[in-house]
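# Per-entry structural report
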Amino acid sequence: MAYGCLALSMSLVGGYVALSKPLVAAFPVLLLAWLRFGIAALAMPHWLRRAPDEPPMNSNTRWLVFLESLLGNFLFSICMLYGVSMTSAVSAGVIMASIPACVAVASWLFLRERITARIGLAIACAALGIGLLALSPTHAPTSPTAAQSSMPWLGNLLVFCAVLCETAYAVIGKSLTGRLGPKRIASLINLWGFMLSMPFGIWFALQFDFTAVRVGTWALLVAYALAASIWTVWLWMTGLRHVPAAQAGVFAVLLPVSAALVGVLVLGENLSSPQLLAFVLALTGVVLATWPSRRT
């Protein structure tokens, strides 16, 4: 069940990362982030209550909650939304190949988790598989937004910053799961995200013409907010309670896989044979990470 929660969480993240491209074309990025946190906050106020068996938060836990939101929620959203607006969904998938390795190194440095040979091989397969995308030509559909983007390197750099934020999200989240329940973590970090983005959101909202947004775009925004702030966070924290961070990080390979597949199936980007081979290698890494250990 823990593996299923982690896999579904990262698959949903990859899906909404790719589908955020139409949203960043309709809303300013900082306004989009504020709307996302605000919609999610309206959907889960009851998750803020402390469970009877949950200890009160101390200053260290409050600090970790703030960092989890700042790095893994607010800055991840900003870097990823700006990044995907300047590059293709498949290119974003290439860069996100480094997530499993980054999470493994960070968990070894900060959580003192041991990386077994099998988990190390799984990380290598995940990184090598999606890394093959970098050797394959990517052809995104022509659009006014893509044509106007003259700095794809900046988009790629921002996506890599999002990778670092996702790494912090996994490591800090592992520490929080031993102190708070998954629902409370999701609601608290979303509330912090709403507060952090409020000054920027209000500024852009005062200048934005909301009547020009189509009904379908509003529906996509609501789905994006619920997936990004509620479903993916709850699923990830639920699975992370029972799985070491380094092993959980391998499931992050499903993020670029699902982002690239949505880019191909929904946004019209092309997928070549080498890219299909990349996905096979990436999923092999997941199989290695989740294969039952031999008991003695």
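Read on for an overview of the structure. Please read these numbers as outputs of a predicted model, since none were measured by experiment. (Residues numbered from 1 in each chain as written. Predicted model: local features only at pLDDT ≥ 70, side-chain atom pairs only at ≥ 80, totals over all residues. Heavy atoms only, no water.)

### A closer look at the overall build of the protein chain
On a plain count of helices and strands, the protein chain comes out with 13 helices and 0 strands. When the helices and strands of the protein chain are listed from N to C terminus, the series reads α-α-α-α-α-α-α-α-α-α-α-α-α. Split into buried and exposed, the 296 residues of the protein chain put 50% on the buried side. For the protein chain, the accessible surface area stands at approximately 13,600 Å², while carbon and sulfur atoms represent 70% of it. (Helix = DSSP H or I, 4+ residues; strand = E, 2+ residues; numbered from the N terminus. Buried < 20%, exposed > 50% of the residue type's maximum accessible area, 1.4 Å probe, protein only. Areas by Shrake-Rupley, 256 points an atom, 1.4 Å probe, with all protein chains shown as cover.)

### Some remarks on unusual backbone geometry
Within the chain, R112 stands out as a residue other than glycine whose phi angle is a positive 60°. Looking at the secondary structure, you find R112 in the loop between α5 (99-110) and α6 (117-131). Judged by its relative accessible area of 65%, R112 is exposed.

### Section: a nonpolar patch on the surface
Side chains of V105, W108, L109, F110 and I115 sit close together on the surface and give an oily, nonpolar patch of about 510 Å² of accessible area. In this structure, V105 sits in helix α5. A residue is classified by how much of its surface remains accessible, and V105, at 45% relative accessible area, is partly exposed. (Patch = residues over 30% accessible without salt bridge, like charges linked within 9 Å, V, L, I, M, F, W, Y side chains within 5 Å. Salt bridge = Lys/Arg side-chain N within 4 Å of Asp/Glu carboxyl O.)

### Some words on the environment of A26
Assignment of secondary structure puts A26 in helix α1 (residues 2-26). On the basis of relative accessible area, A26 is assigned to the partly exposed category, the value being 28%. Beyond its immediate chain neighbours, meaning those up to four positions away, A26 contacts F208 and T217. (Contact = heavy atoms within 4.5 Å.)

### What to know about the packing of aromatic side chains
Inspection of the entire model under this criterion finds 8 aromatic pairs. An angle of 70° between the planes, with centres 5.4 Å apart, marks the rings of F27 and W218 as edge-to-face. In this pair, F27 sits in the loop between α1 and α2 (29-43) while W218 sits in helix α10 (residues 215-240), placing the two residues 191 residues apart along the sequence. The class for W218 is partly exposed, based on a relative accessible area of 29%. (Phe/Tyr/Trp six-rings, centres within 6.5 Å; stacked < 30°, edge-to-face > 60°.)

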